[in-house]
Amino acid sequence: MAVTTVTGHPVLPALPDPATEALLAGGLLPELAHAFGGPFHFLLPDAFDTNLRSLYEALATAGVDGFVYFAKKANKAAVFAERAAALGAGVDVASVGELREALGHGVRGEDLMVTGPAKDPHLLRLAVQHGALIAVDALDELDAVITRAFGGRTRPARVLLRVLPPLQPDSRFGLAEEELATAMDRCVTAGDALRMEGFSFHLSGYALGPRAGLAARLIDLCRTARAKGLQAHRISIGGGLPVSYTDADSWRAFLEAQRPADYHAEKTFRSGDFYPYHSPLAGAGALTALLATRPENSDTTLAQVLRNAQVQLLLEPGRALLDRAGATVFTIQGVKERDGYRLLTVDGTSLSLSEQWFGSEYLPDPRLIPQPSMDFENSGDLHEPGECEAPGGAFPASVGAATCLESDMLTWRKIAFPRRPRAGDLLVYPNTAGYQMDSNESSFHDLPLPPKVVIDWTDRPRPRWRLDRHFTS
Ligand SMILES: *Cc1c(COP(=O)(O)O)cnc(C)c1O
């Protein structure tokens, strides 16, 4: 088991991904870095397709009728909405901007799910007009939907009632028990203006037991609602399918080994604040396991409970659809020697690698791609592959941003690089499409927003690329 390196710093290798490896091995990334003159993200939409297809396969294998909505907040790129539309999936949106983007990239109105608290009146109006499914979060919001649905429309407003999870009573989302009863009665009173299609939840955390239990509770609620004459034939279990970024041994060894001396300025992170970078069950595997789970007080699996009740299962995965669907490329601008390690400065900011903004750090090891250092100080000094190679990661370095903020670090951890990082080399952070790329990006310091490049391998020996249409806005 590779626990630590010769310098004593733990490593966290990303799981191998052939598409990313092929790109790293080719010459395209240095060309793009040169062309854009700054950091950029590349997107691998084929991975999105694969992830989406495996979710539908998991549903089919379990004999469960289901529908998948891509949670758009996880990545702003247009290409993922396009792929969702092309593969017959929906998109989960929470703003007028996201709704407009999804419609504009081919997602039909009735394949949209609108979530989020206290939705803007304009968003509600558009949602009703386009026949989108609205996850209602509060009683006053339900009243607002009903008012709009009565506004001379021929089409009923479609709603789910979002449930406050009993195990997360402090959540600010969802309707509490008594509110649900009131909401159902108001749906009955609204008559044909409204189609009450069922219930929804979104849980934080990744445990299967509470998800299966709450899903079963929602199915019970569907029965109650049907007894009142409502349609109630669907439940949404939200997102939260985990992604595994590294293998089990590396993750365990990392958590055991890491200590303040492994970080620049002896910065400490609480282990519990890290994303669980290894999950024994991830993506479609986690869905399969969830469907095979027996909810508490039930003697059949969740799949069977759904079938018995003839309830359709809706999912809103964000991160899980984006597993391996992209990476982020920076160029090293400068290297500073410190006691026992180096401080690298790259040509971008931690806004393009969001984890820092949640008091945490994106841990999968970035890959160093050596380049001839012609444009920099030691010009003409060709960096031959293997030249600076040392066994076991003898070149630890932390990674800072090209900004004037002390705290703007992409990686506080001393990454154990196998060769000496130099100005001009590329640094590729793997598997960043889910939440890392653009949830926090701004043109801080008047730095341009990193463009997104869509990589297309279809039927060709060398990849083609284009800009994602969204990148300028
Ligand atoms: C954020 C969110 C999701 C997506 O969650 P992931 O963890 O990315 O799968 C789905 N539904 C709702 C309501 C959300 O807020």
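Residues numbered from 1 in each chain as written. Predicted model: local features only at pLDDT ≥ 70, side-chain atom pairs only at ≥ 80, totals over all residues. Heavy atoms only, no water.

1. Considering the overall build of the protein chain
The helix and strand inventory of the protein chain stands at 12 helices and 17 strands. Taken over C-alpha atoms, the radius of gyration comes to 24 Å for the protein chain, in line with the 23 Å a tight globule of 473 residues would show. Viewed in the frame of its principal axes, the protein chain has a C-alpha envelope of about 75 × 45 × 45 Å. Taken across its 473 residues, the protein chain has 54% of its residues classed as buried. Summarising the internal contacts of the protein chain: among those between residues at least 6 apart in sequence, 72% fall at separations of at least 24. In the form shown here, the protein chain has an accessible surface area of approximately 19,900 Å², with 52% of it arising from carbon and sulfur atoms. (Helix = DSSP H or I, 4+ residues; strand = E, 2+ residues; numbered from the N terminus. Rg over C-alpha atoms; globule rule 2.2 N^0.38 Å. Buried < 20%, exposed > 50% of the residue type's maximum accessible area, 1.4 Å probe, protein only. Contact = heavy atoms within 4.5 Å. Areas by Shrake-Rupley, 256 points an atom, 1.4 Å probe, with all protein chains shown as cover.)

2. Things to note about the site of the ligand
Lining the immediate surroundings of the ligand are A71, K73, D92, R162, H202, G239, G240, E316, P317, G318, R319 and Y435. E316 places a polar side-chain atom, nitrogen or oxygen, 2.6 Å from a nitrogen atom of the ligand. Within the contact set of the ligand, an oxygen atom lies 2.5 Å away from a side-chain nitrogen or oxygen of Y435. Protein contact buries 88% of the 390 Å² of open area that the ligand shows by itself. The cavity where the ligand resides is the largest pocket. (Near = heavy atom within 4 Å. Polar contact = N/O pair within 3.5 Å; in protein donor to acceptor, adjacent residues only side chain to side chain. 1 Å grid on protein atoms, 1.4 Å probe; cavity = no way out; pocket = protein on both sides within 12 Å on 5 of 7 lines; lining within 4 Å. Sits in = over half its atoms within 2 Å of the grid points.)

3. Regarding empty space enclosed by the protein
With the rule as written, the count across this model stands at 1 cavity of 30 Å³ or more. Elements that contribute at least two residues to the lining of the largest cavity include exactly α9 (208–227) and α11 (283–292). By residue class, the composition of the lining of the largest cavity is 9 nonpolar, 3 polar and 1 charged. (Points joined across faces, edges and corners; volume = space filled by probe spheres on them. Nonpolar A, V, L, I, M, F, W, Y, C, P; charged D, E, K, R; others polar.)

4. Some words on the UniProt feature "modified residue: N6-(pyridoxal phosphate)lysine" (unreviewed entry) in the protein chain
The UniProt record marks K73 with the feature "modified residue: N6-(pyridoxal phosphate)lysine" (unreviewed entry), using the residue numbering of this structure. Structurally, the position occupied by K73 is in the loop between β2 (66–71) and α4 (78–86). Its relative accessible area of 49% is what places K73 among the partly exposed residues. (UniProt positions renumbered as here; feature names shortened; annotations may be inferred.)

5. Some details on the sheet that holds β2
The 8 strands lie next to each other as β2-β3-β4-β5-β6-β7-β8-β9, forming a closed barrel whose pairing is parallel. Direction aside, neighbouring strands of the sheet carry axes that sit 30° apart on average. Where β2 lies against strand β9 (residues 312–315), 3 bridges are found, and the strand directions are parallel. In the strand pairing of β9, F67 is matched with L314. (Pairing = 2+ DSSP bridges. Axes fitted to C-alpha atoms, helices over the stretch in contact; angles between N-to-C directions.)

6. Describing the pattern of salt bridges
As enumerated under the stated definition, the model contains 22 salt bridges in all. Between D438 and K452 there is a salt bridge, with the nearest N and O atoms lying 2.6 Å from each other. Note that D438 is positioned in the loop between β15 (426–429) and β16 (452–456) and K452 in strand β16, a separation of 14 residues in sequence. In the salt-bridge network here, residues are joined through shared partners; they are R158, R195, E197 and R234. (Salt bridge = Lys/Arg side-chain N within 4 Å of Asp/Glu carboxyl O.)

7. Observations regarding the domain arrangement of the protein chain
Under the domain assignment used here, the protein chain contains domain 1 (18–44 + 324–467) and domain 2 (46–244 + 279–321). Taken together, the contacts link 14 residues of domain 1 with 13 residues of domain 2. When domain 1 packs against domain 2, the two sides together hide about 1,200 Å² of surface, and 48% of this comes from carbon and sulfur. Interface area lost by domain 1 to domain 2 is led by L44, Y435 and D438, which between them contribute 41%. On inspection of domain 1 and its partner domain 2, the count reaches 1 salt bridge. Between R466 and E82 there is a salt bridge, with its nearest N and O atoms 3.5 Å apart. Run the count over domain 1 and domain 2 and you get 5 residue pairs in polar contact (both at pLDDT 80 or more). (Domains from an automatic or database assignment. Buried area = accessible area lost by both parts, 1.4 Å probe.)

8. Brief notes about the state of the cysteines
Applying the stated criterion across every chain yields a total of 0 disulfides. Free cysteine C222: the closest other cysteine sulfur is in C187, separated by 12 Å. (Disulfide = S-S within 2.5 Å.)

9. Remarks on the nonpolar core
Counting residues in hydrophobic clusters, the biggest one holds 117 residues, and the most contacted among them are L161, M196, F199, I235 and L313. Sorting elements by how many residues they give to this core places α9 first, with 8 residues. Two domains each put at least three residues into this core: domain 1 (18–44 + 324–467) and domain 2 (46–244 + 279–321). Leave out the neighbours within four places in its chain, and F199 touches L160, L161, V163, L180, M184, L218, L221, C222, A225, R234, I235 and S236. Counting residues in hydrophobic clusters, the runner-up holds 16 residues, among them L29, A33, F40 and V329. (Core = buried A, V, L, I, M, F, W, Y, C linked by side-chain atoms within 4.5 Å.)

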